[in-house]
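Here is how the chains run, residue by residue.
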Amino acid sequence: MGDRLPLKTVRTLFLPPYAILSLLALLLGGIALTYTHFQISQMGEGYKSPLLLADRLFDLCLATGMLAAAFCIGRRSAGLLSLSFANLAEELSISVMIGVGIVGLLVLCLGLAGLLLPLPIIVSMSLLIFLSRRQGVRLLEVIKEAIVAATATKAHVTLTILFASLFLILALRAMTPPHSPDEVIYHLSVTKLFVQQGRVFPVIDNYDGNMPFLIHMMYAVFLMAKAEIAAKLFSLCLAVICSLALYAFSERFLTRRAGIVALFGFFAAGAIVEVSVTALIDVSLAGMIFLATYAMMVSFQTDRVQWLYASAILSGFSLGIKYTAAIYIVLLGIMFLVESFLRGQLRILAVIKRGAVYVAIVSAVASPWYVKNLVWFRNPVYPYITGEVAEFIPGQPRYFNAEDQVKLDAHFENARTQMPDLVRERKSELDKAASKREERHPLRVWEYFTRPAVYNMGDHSHYPNYLFLFCPLIVLATRSRWLIWLSALSMAFFLAVTNTSWLARLLIPVFPALTLISAYVITELAARADWGGSRQPRILKANWLPAIAVAFTLGSTALSSFKQVISTNDLAFVKGDVSRSEYMMTYFFYPPSHFINNSLPRESKVMMIGAETSYDLQRDYIADVNWDSTEWRRLLIRNSSMQALNEDLKRRGITHFWVAYGLFPFVAEIGRENYPNLSGIVPKTGPDYQPQLVNWATLDMYSSTFLEPVYSDKFGNIVYQVK
């Protein structure tokens with residue numbers, strides 16, 4: 001008897017039959033979905049079948065599976081930091097974001113080592129999951145507790161159904177091929193290049209590929225699995241995680257009711273919705289920055305330094321997503337110093353020590369992105385400050401200088417001499433486009449609400465959150481110092497960003513904070529209106545104010561998304577009634593790619609000018625993503641004549657050109673104000689669109705002799721063959 005195990009222990013060694021059957025069913029289902037997915041990926045873009053519905057299910061399972069892995073990895077890391085969570089939403093959001101950062105850095109390291117391949121990724125991920133295996137049990141507990149909480153009352157069930165319905169609409173939009181301009185310009189196109197070459201390398205023709213790419217490293221895993229849609233679904237899942245973080249913050253610092261309003265209200269911003277259903281990274285950045293702020297506030301509330309370390313880690317991850325995170329991190333540093341000295345709990349030396357540790361952690365976590373650029377380009381924030389390289393020799397880059405401008409001017413003068421009438425016509429077109437330029441005043445906050453389209457650039461329906469109009473009333477309703485800090489941080493970030501760019505999408509990092517402020521203001525005002533000193537109703541049903549406000553604002557974005565699903569035939573694509581190529585044909589950048597992929601020889605190499613969207617190309621190419629067509633300017637600088645330029649192109653294997661002339665008047669109409677000059681050279685005379693005139697005129701001079709058109713379309717795309 002002494003050698004026998006207790007009955008309770010014996011039971012824990014074996015799963016019950018229903019659990020074993022469930023696991024087997026999941027395993028077999030996963031194998032079947034995976035097999036179906038890879039079979040469909042062989043069928044080509046013209047394939048359509050009801051089986052595509054199973055392929056979409058694979059995408060969803062892969063995205064949520066990666067989310068689950070990120071939770072386990074992040075929860076294990078949070079345990080090592082001894083973080084104590086106040087609620088499920090806090091545990092879920094912080095764990096997932098830490099896990100995403102760790103996996104992103106892991107994939108980057110493999111990529112820099114030339115091991116961005118399936119086997120190293122699978123082995124490395126398996127090792128991380130094995131080390132975090134016990135957190136899988138905690139994940140199941142979290143899911144179970146979340147389901148219990150979501151169905152505890154009729155009101156909770158109603159809210160759960162409403163949020164699930166919103167997610168379903170957005171998921172349908174995300175379950176479509178990448179078609180947002182920035183997705184196909186660099187977010188997925190550069191990531192695809194990394195996957196194809198099995199490494200992370202300096203990208204010379206697409207400067208965006210050298211910027212921080214933490215979230216893109218997650219996308220690389222999906223592209224490796226031939227699941228581009230899973231990348232979009234993962235982006236949507238991270239947006240949901242961000243909204244859960246708002247609820248968690250409210251439950252810890254404010255009220256649960258404000259948390260519910262913030263949970264839904266976060267998606268009342270058109271910009272949030274439109275970014276969430278794509279592979280863009282602005283909402284992921286917003287979530288990472290908000291959680292870094294959140295963790296720092298918890299460290300002050302609990303006086304636990306572990307939370308300060310967590311804030312530093314999350315701040316480092318945010319610097320690995322986008323350069324603009326540096327602005328917010330500096331503001332967090334100011335908050336840290338002010339709060340530390342106001343509380344007076346630490347001596348000056350201790351504050352300095354903690355601050356130094358914070359900076360060290362941020363620098364260490366973010367450093368891979370900046371060190372690689374320092375090694376490659378001698379510029380950690382390439383291409384800013386220096387501009388793009390004129391010539392790239394590993395370790396010895398040459399940047400554009402005044403002599404290069406002289407060479408460009410000489411080519412332009414030659415074009416003006418040989419084709420004076422055509423150059424005058426081009427200038428007239430650009431002048432006409434410039435006359436349509438909108439006047440912008442980025443510091444006029446109200447214009448982001450009254451004229452939102454003016455502060456967007458090629459971004460449709462990127463509207464602000466009209467709940468933010470309640471934010472100024474925080475002066476009447478605030479009881480939380482943390483909301484005051486969120487207000488101050490948001491205003492400071494707004495002022496810093498609008499002094500460098502008028503693009504509204506760059507302001508998304510403050511959306512979580514503003515959503516919280518507006519949610520708290522609405523719920524507090526409703527509570528005050530409902531009950532006076534005698535606890536008698538002042539305004540009939542004033543407690544409905546938050547629901548009404550959210551219904552109007554969120555309802556408009558949800559309805560817009562539903563209309564989008566109908567108008568672009570998203571559901572037909574998801575069901576398999578419409579093939580990928582049929583779906584994409586309505587987007588201006590796809591038909592030329594389709595022509596090139598299906599009509600040109602496989603050994604063709606395409607040079608792009610003005611045509612920025614390279615993701616769908618299945619031929620070798622040189623991209624063009626800079627308004628100033630940097631690669632074309634490099635050619636002009638290297639060669640003294642068009643004949644020499646043509647021979648240079650042939651030596652590089654260029655057989656075709658894809659030109660979108662519409663870029664030139666577009667730049668003239670948008671204007672260069674607050675847009676960085678990434679070529680590094682500025683003409684001494686002429687309007688701000690002088691580079692476009694030079695490029696257009698010299699391209700006309702070259703094309704008239706050496707190019708022959710083989711394709712054109714109603715969108716203004718022309719494909720030329722090099723003679």
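This structure is a prediction, so every number in the text was calculated from the model and none was measured.

Undergrad: So what's going on with the environment of Asn210? Residues and values would help.
TA: Relative to the elements of secondary structure, Asn210 occurs in the loop between α9 (189–197) and α10 (214–224). Here Asn210 falls in the buried class, since its relative accessible area comes to 0%. Each C-alpha atom, one on Asn210 and one on Ile718, is 29 Å from the other, the two residues being 508 residues apart in sequence. Residues within four places of Asn210 in sequence aside, it is in contact with Phe201, Pro202, Val203, Tyr323, Lys372, Asn373, Trp376, Phe377 and Tyr382.

Undergrad: So what's going on with unusual backbone geometry? Which residues, and what values?
TA: Cis peptide bonds are those with omega within 30 degrees of zero, and the linkage from Tyr382 to Pro383 qualifies with 5°. Along the chain, the position of Pro383 falls in the loop between α17 (348–377) and β1 (389–391). Of note in this structure, Ser82 is not a glycine but carries a positive phi near 60°. Assignment of secondary structure puts Ser82 in the loop between α3 (51–80) and α4 (88–112). Classification of Ser82 as partly exposed rests on a relative accessible area of 39%. Phi is positive for Ser461, which is not a glycine, with a value near 60°. Relative to the elements of secondary structure, Ser461 occurs in the loop between α20 (447–450) and α21 (474–477). In this structure Ser461 comes out as partly exposed when scored by relative accessible area, which is 27%.

Undergrad: Provide a residue-level description of the packing of aromatic side chains, including the pertinent values.
TA: Counted according to the given criterion, the structure contains 40 aromatic pairs. Aromatic pair Phe163 and Phe267: ring centres 6.2 Å apart, planes at 65°, arrangement edge-to-face. Highlighted residues: Phe163 in helix α7 (residues 154–174) and Phe267 in the loop between α12 (256–265) and α13 (270–276), separated in sequence by 104 residues. Grouping residues by exposure puts Phe163 and Phe267 together as buried. Here the aromatic rings of Trp632 and Phe657 are separated by 6.4 Å at their centres, their planes lie at 85°, and the arrangement is edge-to-face. Taken together, the residues span a long stretch of sequence, with Trp632 in helix α28 (residues 630–638) and Phe657 in strand β5 (residues 656–660) at a distance of 25 residues. Accessibility expressed as a relative area gives 0% for Phe657, which makes it buried. It is Arg440 that lies over the ring of Trp502; its NZ or CZ is 3.9 Å from the centre.

Undergrad: Please give an account of the packing of α3 against helix α6 (residues 135–150) that cites residues and values.
TA: Where α3 meets α6, the closest approach of the two axes is 9 Å, and the angle between their N-to-C directions is 115°. The orientation of α3 relative to α6 falls into the category roughly perpendicular. Handedness of the α3/α6 crossing: right-handed. Residue-level inspection shows Ala68, Phe71, Cys72, Arg75 and Arg76 of α3 in contact with α6, the latter providing Gln135, Gly136, Arg138, Leu139 and Val142. Classifying every residue of the contact of α3 with α6 gives 5 nonpolar, 2 polar and 3 charged.

Undergrad: Just give me the short version of the layout of surface pockets, but keep the residues and values in it.
TA: In this structure, the second largest pocket spans a volume of roughly 1400 Å³. Leu92, Ala146, Ile147, Ala150 and Leu244 are, among the 33 residues lining the second largest pocket, the residues nearest its centre. Ranked by residue count, the leading element in the lining of the second largest pocket is α6, at 7 residues. Its residues assigned to classes, the lining of the second largest pocket shows 27 nonpolar, 4 polar and 2 charged.

Undergrad: Mind laying out α28, listing which residues take part and the relevant values?
TA: Residues spaced three or four apart along an α-helix point in a common direction, a consequence of the helix completing one turn every 3.6 residues. Along α28, 8 of the 9 residues are buried, which leaves the element largely enclosed by surrounding structure. Taken together, the buried positions of α28 are Thr630, Glu631, Trp632, Arg633, Arg634, Leu635, Leu636 and Ile637.

Undergrad: If you had to explain the environment of Gly610 to someone new, which residues and values would you point to?
TA: Mapped onto the secondary structure, Gly610 falls in the loop between β3 (605–609) and β4 (620–622). Placed 86 residues apart in sequence, Gly610 and Trp696 show a C-alpha to C-alpha distance of 10.0 Å. What Gly610 contacts, discounting residues up to four positions off in sequence, is Asp624, Ser629, Ala660 and Leu663.

Undergrad: Quick one: what's the story with empty space enclosed by the protein, residue by residue and with numbers?
TA: Counted according to the given criterion, the structure contains 2 cavities of 30 Å³ or more. Size it by volume and the largest cavity reaches roughly 120 Å³. If you list the elements that add at least two residues to the lining of the largest cavity, you get α14 (282–302), α15 (305–319) and α16 (325–343). The leading source of residues in the lining of the largest cavity is α16, at 3 residues.

Undergrad: Before we move on, can you summarise helix α29 (residues 642–651) with the specific residues and values?
TA: Of all the residues in α29, the buried ones are Met642, Leu645, Asn646, Asp648 and Leu649. Seen from one end, α29 has its buried residues packed into an arc of 160°, which puts them on one side. At its buried positions, α29 is contacted by α18 (402–418), β3, α28, β5, α31 (690–706) and β7 (717–722). Just beyond α29, the residue with positive phi is Gly653, at close to 85°.

Undergrad: Describe the nonpolar core, with residues and values.
TA: Membership of the largest hydrophobic core comes to 208 residues, with the highest contact counts inside it found for Phe194, Phe234, Phe249 and Phe267. At 18 residues, the largest contribution of residues to this core is made by helix α11 (residues 228–253). Those residues in contact with Phe249, other than ones at most four positions away along the chain, are Leu254, Phe290, Tyr294, Met297, Trp482, Leu483, Leu486 and Leu516. Among the nonpolar cores identified, the runner-up in size contains 39 residues, and Met419, Ala434, Leu645 and Ala697 belong to it.

Undergrad: I'd love a proper account of a nonpolar patch on the surface, names of residues and values included.
TA: On the surface, Leu21, Leu24, Leu27, Leu28 and Ile31 cluster together into a nonpolar patch covering about 530 Å² of accessible area. Considering the arrangement of structural elements, one finds Leu21 in helix α2 (residues 17–40).

Undergrad: Now, about the pairing of β7: what can you tell me, with residues and values included?
TA: By the bridge criterion, 5 bridges tie β5 to β7 in an arrangement that is antiparallel. Across the sheet, the residue bridging to Trp658 is Val719, located in β7. In this sheet, β7 lies alongside strand β6 (residues 707–712) in antiparallel orientation, the contact comprising 5 bridges. Its bridge partner being in β7, Leu707 is matched across the sheet by Val722.

Definitions and limits used
Residues numbered from 1 in each chain as written. Predicted model: local features only at pLDDT ≥ 70, side-chain atom pairs only at ≥ 80, totals over all residues. Heavy atoms only, no water. Helix = DSSP H or I, 4+ residues; strand = E, 2+ residues; numbered from the N terminus. Buried < 20%, exposed > 50% of the residue type's maximum accessible area, 1.4 Å probe, protein only. Contact = heavy atoms within 4.5 Å. Phe/Tyr/Trp six-rings, centres within 6.5 Å; stacked < 30°, edge-to-face > 60°. Lys NZ or Arg CZ within 6 Å of the ring centre and 35° of its normal. Axes fitted to C-alpha atoms, helices over the stretch in contact; angles between N-to-C directions. Parallel < 35°, antiparallel > 145°, perpendicular 65-115°, else oblique. Left-handed = near helix turned anticlockwise from the far one by under 90°. Nonpolar A, V, L, I, M, F, W, Y, C, P; charged D, E, K, R; others polar. 1 Å grid on protein atoms, 1.4 Å probe; cavity = no way out; pocket = protein on both sides within 12 Å on 5 of 7 lines; lining within 4 Å. Points joined across faces, edges and corners; volume = space filled by probe spheres on them. Arc of directions from axis to C-beta. Core = buried A, V, L, I, M, F, W, Y, C linked by side-chain atoms within 4.5 Å. Patch = residues over 30% accessible without salt bridge, like charges linked within 9 Å, V, L, I, M, F, W, Y side chains within 5 Å. Areas by Shrake-Rupley, 256 points an atom, 1.4 Å probe, with all protein chains shown as cover. Salt bridge = Lys/Arg side-chain N within 4 Å of Asp/Glu carboxyl O. Pairing = 2+ DSSP bridges.

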